[in-house]
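A structural walkthrough
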Amino acid sequence: MTMLDHFMQPEVRPFAVAAVMIVLVGGVEIGSMLLGLSISELLGQTVDLGHDGNGTGISHVLSWINVGGVPLMICILLGLGIFSITGFLIQDVARLLALPLPASAAGVLAAAATVPMLRSSTRYASRLIPQDESYAVGLSDLVGRTGEVAVGPLDGGLPGRVRVKDVHGNWHAVTASAAPGSQPLPVGASVLLVDRKDGRFIAIAAADELVPSQPDSASRK
């Protein structure tokens with residue numbers, strides 16, 4: 001049996017579909033970021049985790065697995081990856097011991113194992129991935145901070161991305177456009193976030209005297 005034949009067996013079909021979804025969803029996210037957008041950011045704006053204590057049961061589950069602590073798209077990709085790998089492992093072990101389990105039974109076992117592993121993986125990922133939002137700092141708190149253009153240039157066309165550090169030293173990657181009348185701001189340029197409008201930040205070139213007071217580029221390795 002070839003690897004492709006094994007991949008297409010009925011008992012592992014749910015896990016094969018999850019693996020294909022990783023490629024499709026990841027490709028869409030990468031493509032959107034190349035255009036200066038982020039599907040993850042757009043989806044994340046629709047998720048209300050109910051931090052005020054009035055959240056639903058679903059919001060509490062999402063909060064428990066750290067949706068909001070990492071971008072929603074990262075949670076989706078991690079969940080699909082863990083589910084797929086766990087499912088294939090369950091069926092491989094079952095095949096060695098006797099016979100593969102029915103796809104539905106293996107899917108339930110894989111899903112049950114995915115939830116706690118997803119929580120652990122997102123907690124680790126939150127230390128590595130810069131965020132647009134955190135529980136301690138809101139997006140409005142980033143207005144007035146200097147940062148560096150990461151995806152650009154920022155001009156009158158599609159928005160780009162700016163890396164900026166908050167008052168606690170945490171990195172954020174935010175969607176930004178150049179202010180009207182501003183010269184194009186190339187990748188690597190130091191910028192000042194002066195406003196936030198329609199879900200994106202407005203940036204201008206940072207004055208030289210502002211950059212040393214927040215040495216973002218120098219401190220980043």
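Above this text you will find the structure in question.
Worth saying up front: this structure is predicted, and the values here are computed from it rather than measured.

Let us look at the pairing of strand β3 (residues 171-178). With respect to burial, β3 is a largely interior element, seven of its eight residues being buried. Where strand β2 (residues 160-165) meets β3, six bridges bridge the pair, whose relative direction is antiparallel. Across the sheet, Arg 163 pairs through a bridge with Ala 173, a residue of β3. As paired elements, β3 and strand β5 (residues 200-205) share three bridges and run parallel to each other. For Ser 177, the partnering residue across the bridge sits in β5 and is Ile 202.

Let's shift gears to unusual backbone geometry. In this structure, Pro 153 follows Gly 152 across a cis peptide bond, with omega equal to 5°. By secondary structure assignment, the location of Pro 153 is in the loop between β1 (146-151) and β2.

Side chains of Val 17, Val 20, Met 21 and Leu 24 sit close together on the surface and give an oily, nonpolar patch of about 330 Å² of accessible area. Tracing the backbone through its elements, the reader meets Val 17 in helix α2 (residues 13-34). Owing to a relative accessible area of 45%, Val 17 belongs among the partly exposed residues under this scheme.

Turning next to the sheet that holds β3. Around the barrel, which closes on itself, the five strands sit in the order β1-β2-β3-β5-β4 with mixed pairing between neighbours. In this sheet, adjacent strand axes meet at a mean angle of 55° when their direction is disregarded.

The subject of this paragraph is the packing of aromatic side chains. Between two aromatic rings, the relevant description is the distance of the centres plus the angle of the planes. All told, the structure shown has two aromatic pairs when counted by the stated rule. Centre to centre, the rings of Phe 15 and Phe 83 are 5.1 Å apart; their planes meet at 50°, and the pair counts as tilted. Of the two residues, Phe 15 is situated in helix α2 and Phe 83 in helix α5 (residues 72-97); the sequence distance between them amounts to 68 residues. The exposure class of Phe 83 is buried, given its relative accessible area of 18%.

Next up on the list: the pattern of salt bridges. Tallying each qualifying case throughout the model produces two salt bridges. Of the charged contacts, one joins Glu 11 and Arg 95 as a salt bridge, the two residues approaching to 3.0 Å between their closest N and O atoms. Here Glu 11 is found in the loop between α1 (3-7) and α2, whereas its partner Arg 95 is found in helix α5, with 84 residues between them in sequence. Arg 95 sits in the partly exposed class, given a relative accessible area of 29%. Taking the shortest distance from any N to any O, the salt bridge between Asp 92 and Arg 95 comes out at 3.1 Å. Taken together, the positions of Asp 92 and Arg 95, both in helix α5 and three residues apart, correspond to about one turn of that helix.

Moving on, we come to the pairing of β2. β2 sits mainly inside the fold: six of its six residues count as buried. The alternating pattern of β2 places Gly 160, Val 162 and Val 164 on one face and Arg 161, Arg 163 and Lys 165 on the opposite face, and all of these are buried. Here four bridges tie β1 to β2, and the two strands are oriented antiparallel to one another. Pairing of Glu 148 across the sheet is with Arg 163, part of β2.

Here we come to the environment of Val 194. Examined against the element boundaries, Val 194 turns out to sit in strand β4 (residues 190-197). On the basis of relative accessibility, which here comes to 36%, the residue Val 194 falls in the partly exposed class. Expressed as a C-alpha distance, the spacing of Val 194 and Gly 144, which sit 50 residues apart in the sequence, is 5.5 Å. Beyond its immediate sequence surroundings of up to four residues, Val 194 is in contact with Val 143, Ile 202 and Ile 204.

Calculation rules
- Per-chain numbering applies: the sequence of each chain, read as written, is numbered from 1 onward.
- Totals for whole chains, interfaces and linings use all residues, but because this is a predicted model, local features are given only for residues with pLDDT of at least 70 and pairs of side-chain atoms are given and counted only at 80 or more.
- Water and hydrogen atoms play no part in the side-chain values, which are based on all heavy atoms of the structure.
- Only protein chains enter the accessibility calculation, which uses a 1.4 Å probe. A residue is then buried if its area is under 20% of the maximum for its type, exposed if over 50%, and partly exposed in between.
- Numbering goes from the N terminus for both helices and strands, where a helix is a DSSP run of H or I of at least four residues and a strand is a run of E of at least two.
- At least two bridges found by DSSP between two strands is the condition for calling them paired.
- Residues enter patches when their relative accessible area tops 30% and they take part in no salt bridge; the joining distance is 9 Å for like charges and 5 Å for the nonpolar side chains Val, Leu, Ile, Met, Phe, Trp and Tyr.
- Note on areas: Shrake-Rupley, 1.4 Å probe, and residue coverage restricted to the protein chains presented here.
- Between Lys or Arg on one side and Asp or Glu on the other, a salt bridge is scored when a side-chain nitrogen of the former is within 4 Å of a carboxyl oxygen of the latter.
- The axes are straight lines fitted to the C-alpha atoms, using for helices just the contacting stretch, and the angles between their N-to-C directions are given from 0 to 180°.
- Aromatic contacts are taken between Phe, Tyr and Trp rings whose centres are within 6.5 Å, Trp giving its six-membered ring; a plane angle under 30 degrees counts as stacked, one over 60 as edge-to-face, and the others as tilted.
- For this analysis, residues touch if any pair of their heavy atoms sits within 4.5 Å.

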